[in-house]
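If you want the building blocks of each chain, they are given just below.
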Amino acid sequence: MTTRIVVVGAALFDGDGNGGSAGGRLLAARRSAPPELAGRWELPGGKVEPGERPDAALVRELREELGVDAETVERVPGEWPLKPPYVLQVWTARLLPGSAEPAPLEDHDELRWLAPADIWTVDWLDQDVPAVREALALVEAGAR
Ligand SMILES: Nc1nc2c([nH]c(=O)n2[C@H]2C[C@H](O)[C@@H](COP(=O)(O)OP(=O)(O)OP(=O)(O)O)O2)c(=O)[nH]1
């Protein structure tokens, strides 16, 4: 059997609170490690643990990495290969009322809320580019 480990990433939007709203800003996180990924931007998240639901893993990772209380909204269709055995899956997500603002507690040295016009101004990890594109397409479709 092929071992396949899911990495979950959050397309975390701010805005009017309906989650992933078009026109809201998307949170991008700059990795501080490992050296080959440091300085590149990603969707915050991490590895799903054995027996864990991916959406629950994402909420846990956002708490650990950013210090926030968040909820997932919708799975972004698709799956993107990372370095084997990892694959990336993405959910749209939003902060819960009363959550702290995201802070770069672990794995990241800078966070940036990107307005729609600024999404492509950061140096996303190559494998994140199609994932970010799909996440934006999903929220734009939802806004129509
Ligand atoms: N979190 C995240 N990881 C990504 C993305 N794109 C991408 O290639 N990766 C890679 C980087 C890492 O090799 C792997 C995820 O590892 P991680 O370091 O974020 O996961 P984790 O918090 O569970 O880490 P750890 O327990 O191993 O310390 O996937 C992305 O958008 N988000």
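Up top is the structure.
Described in the following lines is the structure provided in the data block. (Residues numbered from 1 in each chain as written. Predicted model: local features only at pLDDT ≥ 70, side-chain atom pairs only at ≥ 80, totals over all residues. Heavy atoms only, no water.)

Side note on the sheet that holds strand S6 (residues 86-95)
Reading across the sheet, the four strands line up as S4-S1-S6-S5 and stay open at both edges, with mixed pairing between neighbours. The open sheet has two edge strands, strand S4 (45-47) and strand S5 (70-81), and neither has a second partner. Here the strands of the sheet are splayed against their neighbours by 20° on average, with no regard to which way each runs. Here eight bridges tie strand S1 (residues 5-12) to S6, and the two strands are oriented parallel to one another. Along S6, the bridge assignment pairs Leu12 with Ala93. Sheet strands in contact with helix H1 (residues 54-66) are S1, S4, S5 and S6, and its direction is about 65° off that of S1. (Pairing = 2+ DSSP bridges. Helix = DSSP H or I, 4+ residues; strand = E, 2+ residues; numbered from the N terminus. Axes fitted to C-alpha atoms, helices over the stretch in contact; angles between N-to-C directions. Contact = heavy atoms within 4.5 Å.)

Looking at the packing of aromatic side chains
Summed over the entire model, instances satisfying the criterion amount to zero aromatic pairs. When the ring centre of Trp91 is taken as origin, the NZ or CZ atom of Arg75, which lies over that ring, is 5.3 Å away. (Phe/Tyr/Trp six-rings, centres within 6.5 Å; stacked < 30°, edge-to-face > 60°. Lys NZ or Arg CZ within 6 Å of the ring centre and 35° of its normal.)

With respect to the pattern of salt bridges
Proximity of charged atoms lets side chains of opposite charge pair with each other. Throughout the structure, instances matching the rule amount to 15 salt bridges. Among the ionic pairs, Glu42 bridges to Arg31, the shortest N-O distance being 2.8 Å. One end of the pair, Glu42, is in strand S3 (residues 41-42); the other, Arg31, is in strand S2 (residues 26-31), with 11 residues separating them in the sequence. For Arg31, a relative accessible area of 17% corresponds to the buried category. (Salt bridge = Lys/Arg side-chain N within 4 Å of Asp/Glu carboxyl O. Buried < 20%, exposed > 50% of the residue type's maximum accessible area, 1.4 Å probe, protein only.)

Here we look at the site of the ligand
Residues in close proximity to the ligand total 15 residues, the closest being Glu42, Leu43, Lys47, Gln127 and Asp128. The separation between an oxygen atom of the ligand and a polar side-chain atom of Gln127 is 2.6 Å. At 2.3 Å, a side-chain N or O of Asp128 approaches an oxygen atom of the ligand. Protein burial of the ligand: of its 630 Å² of free accessible surface, 75% is covered by the chains. Residue contributions to the shell around the ligand peak at three residues, all from S4. Each residue belonging to the shell around the ligand can be placed in one class, and the counts come to five nonpolar, three polar and seven charged. (Near = heavy atom within 4 Å. Polar contact = N/O pair within 3.5 Å; in protein donor to acceptor, adjacent residues only side chain to side chain. Areas by Shrake-Rupley, 256 points an atom, 1.4 Å probe, with all protein chains shown as cover. Nonpolar A, V, L, I, M, F, W, Y, C, P; charged D, E, K, R; others polar.)

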